[in-house]
Amino acid sequence: MNRTKFLPTLIATTTMLLATTGKVEAITFAGTSSGSWGLPVVSAGAEYLSDENGGTNNRLTWGHSVAGSFTNYVQYDGLGFSTGVNTLFAVGDLTYRNGATFNTFNGDFPLEVKLSFTNPFNSIENFNYTFNILNTPNYTGNPVLDGDKLQFQANGLTSDSFNFDGVNYTVKLIGFSSDGGNTFLSEFNSPEQSTAEAMLYAEIIRADVVDVPEPTAIFGLGLLGVYLAGSLKTKP
């Protein structure tokens, strides 16, 4: 069965002004998400896709492990959501295992996020993003400094959108959080020889609004190189 979890969204809901009626109405979008990775654009390593927890191509694995270690992988597991416009919500659960490996890759690779809406309409919408990974050399012996880094490109924006009630909307990725959305990072750092987990947060915004002011809760988004301390696991 697909592991689907329902998480509370942050209380940051804004309302949408309908100019044609002069009324202010709140829209609630609800449903479930799923995600599928694609293979890297350029790679010198070995990597493959697999289906986990009922997902499809939701785990990307790469590298040949050295003795006593394990291969790397990044995995996306879907979540249930109920959110308003311009409201932060957890769209997916990311797991990143970082082993000591040969044949790694650095660079871009795609993620397709599928939102299966059940409210206020029944529709399946796809949103395509570019992620980037940096596999760092293990020179220092410090698991944090030797950690690999995962981030999304293009400021979290996609050219994909959907239409509801005559308005086009899109889904903007915001950042990674390991504490339920209290703090965010723009970079997912998985320390060496560990498995880290974080939620990927997003917002549904109007597609014709490019520069949307971010809530004050995400001022920490620009911090780089800080690992998600609350989510580390020591087992492979």
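Residues numbered from 1 in each chain as written. Predicted model: local features only at pLDDT ≥ 70, side-chain atom pairs only at ≥ 80, totals over all residues. Heavy atoms only, no water.

**A few points about the packing of aromatic side chains**
Filter applied, for reference: Aromatic pairing here means that ring centres of Phe, Tyr or Trp (its six-membered ring) are within 6.5 Å. Orientation follows from the plane angle: under 30 degrees is stacked, over 60 is edge-to-face, and everything else is tilted. By definition, any uninterrupted DSSP run of H or I lasting at least four residues is a helix, any uninterrupted run of E lasting at least two residues is a strand, and each is numbered from the N terminus. For the exposure calls, accessible area comes from a 1.4 Å probe over protein chains only, and a residue counts as buried if that area is under 20% of its type's maximum, exposed if over 50%, partly exposed in between. Only Lys NZ and Arg CZ are tested; either one counts as a charge over a ring when it is within 6 Å of the ring centre and within 35 degrees of the ring normal.
Considering all chains together, one arrives at 23 aromatic pairs under this definition. Aromatic side chains Phe29 and Phe164 sit 6.0 Å apart centroid to centroid with 80° between the ring planes, which places their arrangement in the edge-to-face category. Placement of Phe29 in strand 4 (residues 29–37) and of Phe164 in strand 14 (residues 162–164) is noted, with a sequence separation of 135 residues between them. The same class applies to Phe29 as to Phe164, namely buried. Connected via pairs of aromatic rings, a cluster forms that spans Phe29, Phe81, Phe89, Phe117, Phe121, Phe127, Phe162, Phe164 and Tyr169. The ring of Tyr73 has Arg59 lying over it, and the distance from NZ or CZ to the ring centre is 3.7 Å.

**Examining the environment of Ala196**
Mapped onto the fold, Ala196 is located in strand 17 (residues 194–206). We classify Ala196 as buried; its relative accessible area is 0%. Sequence separation of Ala196 and Ser178 is 18 residues, and the distance between their C-alpha atoms is 9.2 Å.

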